[in-house]
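For reference, the chains in residue letters:
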Amino acid sequence: MGIKRGTTLATAAIVVVLAATACGPTDDKAADTTKPVGAAAAAQDYGQAPAAADGAAGAKPAGQLTAAPNDQLGQVLTDSAGLTLYRFDKDTAKPPKSNCDGDCAKTWPVVAAGDVTAAAGMDPALLGEVVRTDGSKQLTVAGWPAYRYNKDAKAGDVNGQGVGGVWFAFGPDGKKAAKAEAPAPAAGGAAEADGKLSVAKDPKLGDHIVDGKGMTVYRFKPDTQWPMTSKCVGDCLTKWPVVAPVEKANDKGIVEKNYTVLNRPDGQKQQSVDCWPVYTFSGDKKPGDVNGQGVGGTWYAVSPDGKLITVQ
């Protein structure tokens, strides 16, 4: 369908939104011929929005997707023009199927498949397509067909949220957008860093970074520095909680370059060192433990300059 994989993410990996610009080079067509739904259903499900033209004809692709912040909903998926993308509860994701056509597609114009790039903060593998009744193709996110709302007049509008109790803005994970509750550390939440990082010594590792509780800080080899990405998601975060943002002024001896904070799509904020996301390990039970060193050949302690310490 022409989906671009420009975000460089592997399947099930999350590209984390860069909160500061210090990291990286700049700073370091679907005509739907299905019978229209009845007026009563349109009034209930489609928001009674007027439409002068067939919303399915001349459907536009999404272009570069963005995970845009919203005060009420957290992160909302938008197209290249900043318009919110929506999903319809009466559709199905497994298998993907659109049940919005006729008058519905006028109020909720379909998003054409093709010419789409995953947003920073989402897995490109979530993007797909569904063939509509006339053979045209519609973008799907996590299997759900994607739409715009014709009452959204400008970038950032979310007037379609909750319409009829069946229309909801997409989050970057393909689920209904919702502000994330802060998860507990045991469930993969940010590790409590007591407001600082510092440098500790280990007989084998030498100088390495620890958090405010003296717990060893680690890096994940599949992560990348630019674009700054975290590929530890889901169950991974249960074992490797992210390090919460800390004050650089307290972190003596640690490299100052590109000491930034990442806004993750799940709502967590993660500290980085030289643009590398950092974590702790649930298998470390007391200060000085280095049980995460070398796990899977991908997890390693971090030197004060942000580099991996690969000694075993």
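Worth saying up front: this structure is predicted, and the values here are computed from it rather than measured.

(A) Layout of the pattern of salt bridges. For the structure on display, the rule yields eight salt bridges. Put simply, D79 and R148 hold a salt bridge, and the shortest N to O gap is 2.7 Å. Taken together, the positions of D79 in the loop between β4 (74–78) and β5 (86–88) and R148 in the loop between β11 (144–145) and β12 (167–169) put the pair 69 residues apart, joining distant regions of the chain. Summarising the burial analysis for this pair, D79 and R148 share the class buried. A salt bridge links D305 to K307; its shortest N-O distance comes to 3.8 Å.

(B) Quick look at the side chain of Q138. Residue placement: Q138 occurs in strand β10 (residues 137–141). Overall, the relative accessible area of 0% leaves Q138 in the buried class. Of the polar contacts made by the side chain of Q138, one reaches the side chain of R132; its length is 2.6 Å. Sequence-distant contacts of Q138, that is, excluding residues within four places in its chain, are made with S98, V110, V111, A112, A113, G128, E129, V130, R132, P145, A146 and Y147.

(C) Main features of the state of the cysteines. Considering all chains together, one arrives at two disulfides under this definition. Disulfide pairing places C100 opposite C104 at an S-S distance of 1.8 Å. In this structure the cystine formed by C100 and C104 twists about its S-S bond by roughly -110°; its chirality is therefore left-handed. Taking relative accessible area as the criterion, C100 reaches 0% and is therefore assigned buried. Looking at C104, the relative accessible area reads 0%, which means it is buried.

Cut-offs applied
Residues numbered from 1 in each chain as written. Predicted model: local features only at pLDDT ≥ 70, side-chain atom pairs only at ≥ 80, totals over all residues. Heavy atoms only, no water. Salt bridge = Lys/Arg side-chain N within 4 Å of Asp/Glu carboxyl O. Helix = DSSP H or I, 4+ residues; strand = E, 2+ residues; numbered from the N terminus. Buried < 20%, exposed > 50% of the residue type's maximum accessible area, 1.4 Å probe, protein only. Polar contact = N/O pair within 3.5 Å; in protein donor to acceptor, adjacent residues only side chain to side chain. Contact = heavy atoms within 4.5 Å. Disulfide = S-S within 2.5 Å.

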